[in-house]
Each structure stands twice: as C-alpha cells, then as structure tokens.
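# Structure at a glance
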Amino acid sequence: MYSLIETKEMMVEIGRKLYEKEYIVASEGNLSTRLDQWRVLTTPAGMCKGQLRAEDLVITDLEGKRVEGKNKPSSELLMHLVVYRERPNVFGVVHAHPRTCTGFAVAGIPLDPALMAEVVVTLGCVPLAEYGTPSTEELADAVGKYIREYDALLLSNHGAITVGKDLLSAYYKMETLEHYAQINLIARTLGRVQPISTENVEKLVALREKYGVEGPSVQCPVSHGGSCPAGGPETVTMTRSQLAGLIEDAVRTITG
Ligand SMILES: [Zn+2]
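Below or above, wherever it landed, is the structure these notes cover. Note that residues are indexed from 1 along each chain, following the sequence as it is written. In keeping with the predicted nature of the model, local features appear solely for residues at pLDDT of at least 70, side-chain atom pairs appear and are counted solely at 80 or more, and the whole-chain, interface and lining totals rest on all residues. To get the side-chain values, take all heavy atoms of the structure and skip hydrogens and water.

### So, the packing of helix α3 (residues 99–107) against helix α6 (residues 167–190)
- At a minimum axis separation of 7 Å, α3 and α6 run at an interaxial angle of 65°. As α3 runs across α6, the sense of the crossing is left-handed. Counted together, Arg99, Thr100, Cys101 and Phe104 of α3 and Leu177, Glu178, Ala181, Gln182, Asn184, Leu185 and Arg188 of α6 form the full contact between these two elements.
- Under the scheme applied, nonpolar residues are Ala, Val, Leu, Ile, Met, Phe, Trp, Tyr, Cys and Pro; charged residues are Asp, Glu, Lys and Arg; polar residues are all the others, including Gly. The residue makeup of the contact of α3 with α6, split by class, is 5 nonpolar, 3 polar and 3 charged. Here the axes come from fitting lines to C-alpha atoms, over the contacting stretch only for helices, and the angles between their N-to-C directions go from 0 to 180 degrees. Numbering of helices and strands runs from the N terminus, with a helix taken as a DSSP run of H or I at least four residues long and a strand as a DSSP run of E at least two residues long. Handedness of a helix crossing follows the sense of rotation of the near helix relative to the far helix, less than a right angle counterclockwise being left-handed and clockwise being right-handed. Only heavy atoms enter the contact rule, under which two residues are in contact if any of them lie within 4.5 Å.

Below, the structure written as structure tokens:
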C-alpha cells in the first residue's frame, strides 16, 4: 500500500514516461487512481503531463467534484469515473494517444483477433469503442459499454484507454497495447496476419486460470459482428435453418 505522497510521485513519473515515449504531446492524455471508496487522484486539465509536480495533481470525489488541489481536474475525468463505477477491482486508469494504436482507432480497426500469445493472456481482446466527443458523457458512455469486460480499448478517432489493479499496471498495459499495435501494423505491411486458432486461445485462457491470473475477455464484442476469439469480426457461423430464418425475417420487414 502506497502513501498519498508516493502515489502522487508515481503519477508524476508515469506522466513523464508517457510524454517521453511520445504517447502524448502538449497537454494531451490523463491519468487517475482510486485512493479509497470516495476519492480519486487525477492529473490537472490543460497542463503538460510530462512536466507535472506532485502539487499540480487534483483529488476529486467519485462524482468528479474537486476536494483538494488548486487546478481543475482532467477534462476527461468522466470517462475515468465510469471505469471506477463499472469495475470495483480497478484502481488505475491511463488515457493516451500513442501513435500506432491511435492509427488503428482512426482507421476504425479494432485489435481483436488473437494474434500474440502473451497479449491474449495480459490484454485479451481490444475492441474499438464508438466515437464520442472528448470530455462529454457521450465518450464516457462509449467507454462504459465495453470496460466491464475489457482492460484496454481503442477510442474511435481519438486514442486509447487502459485500466489495471493500480496505476502502474494500467500504464504497462498501455505499453503492451502500443507494442502490440506496432507488431500488428508490421504484419499487415508484410501482407499477412495469422490469428491464433480458437483451440489455442482456449489453451491460453486455461493457462491464465492455472496461474490464477484474472484476465479480460478474449471474445470480440457482438457489436463487432462476432464472438469468435480467434476468427476476427468477419467470421460468422450459423446453421442453414438460422440463415433461412434471417432471410425470412428480412423479407417480411421489406414487404411489410
Ligand atoms: Zn484524449
């Protein structure tokens, strides 16, 4: 258990790392950590997260109301608070715009077929949350829709968010996510992406259980058009009678 001052120092240090790695530029990005049942420590709005001091940080309640600190809390705090409401076991949230995973978010491509064994174990599937205007309920709702099942999300035309049991673990997930996006991009550039088979994904999930690792979902969200862990959103399996039923429904809708 870290003291408040140690927690603040860690947030300052992680802000500096994000900036040095160019996961954020200027005053982009934001961090938060849940201090207890009532309070959240967050980065201030409009300041460079690479050059923060401990006294720049802000403490708010779980409604986002400032309870300590001279600065305004992060403008994206709503999105962080949704995570804490939906995930009682999450104590750290990182939001950044690393260039490769944000490239996927801009291209509208989720990182959801299982491509790397270690990523299946640590990050699971990474869905693409629908676009929401930054700092509004719209973006918080888009995050809230997925974050119950996933630890890392791409935010359409915006960036990425990762969550963890503490701030450091959320930060490492952001590193893993960007590294994974870079490898994914290289494989796509080489012209071929080979997903891990469903059978092997199941073995990786079993491995997690064996070592007591609580992992996020490896299934693509239904809104991405599928639930197959390895096949990606293009793969849909159904029986002949299910297909006939779908066609009948469509015809009925068209003909009124
Ligand atoms: Zn952002």
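And the narrative resumes.
### Focus on the side chain of Arg208
- Among the structural elements, Arg208 can be located in helix α7 (residues 198–210).
- No salt bridge is formed by the buried Arg208. Its closest oppositely charged neighbour is Glu209, at 6.8 Å.
- Here a polar contact is taken to be a pair of N or O atoms separated by no more than 3.5 Å, where protein atoms must pair a possible hydrogen donor with a possible acceptor and residues adjacent in sequence count only if both atoms sit in side chains. Reaching out from Arg208, the side chain makes a polar contact with the backbone oxygen of Val120 at a distance of 2.8 Å.
- Apart from the residues lying within four places of it in its own chain, the contact partners of Arg208 are Val120, Val121, Gly124, Val213, Gly215, Pro216 and Val218. Residue burial is assigned from relative accessible area. The probe radius is 1.4 Å, only protein chains are included, and a residue is buried under 20% of its type maximum, exposed over 50%, and partly exposed in between. Charged residues are defined here as Lys and Arg on the positive side and Asp and Glu on the negative side; His and the ends of the chain fall outside this count. In the sections that follow, a salt bridge refers to a side-chain nitrogen of Lys or Arg positioned within 4 Å of a carboxyl oxygen of Asp or Glu.

### Overview of the pairing of strand β7 (residues 152–155)
- A two-sided burial pattern is seen for β7, the buried positions comprising Ala152 and Leu154 on one face and Leu153 and Leu155 on the other.
- In this structure, strand β6 (residues 128–129) lies alongside β7, joined through 2 bridges in parallel fashion. When the sheet's bridge partners are listed, Leu128 is paired in β7 with Leu154.
- Look down the strands so they point away from you; if going from the first strand over the helix to the second traces a clockwise path, that crossover is right-handed. In this view, the connection linking β6 to its parallel neighbour β7 by way of helix α5 (residues 137–146) has right-handed handedness.
- If DSSP finds at least two bridges between two strands, the strands pair. The turn linking β7 back onto strand β8 (residues 159–164) is made up of 3 residues, and Asn157 within it adopts a positive phi angle of 50°.

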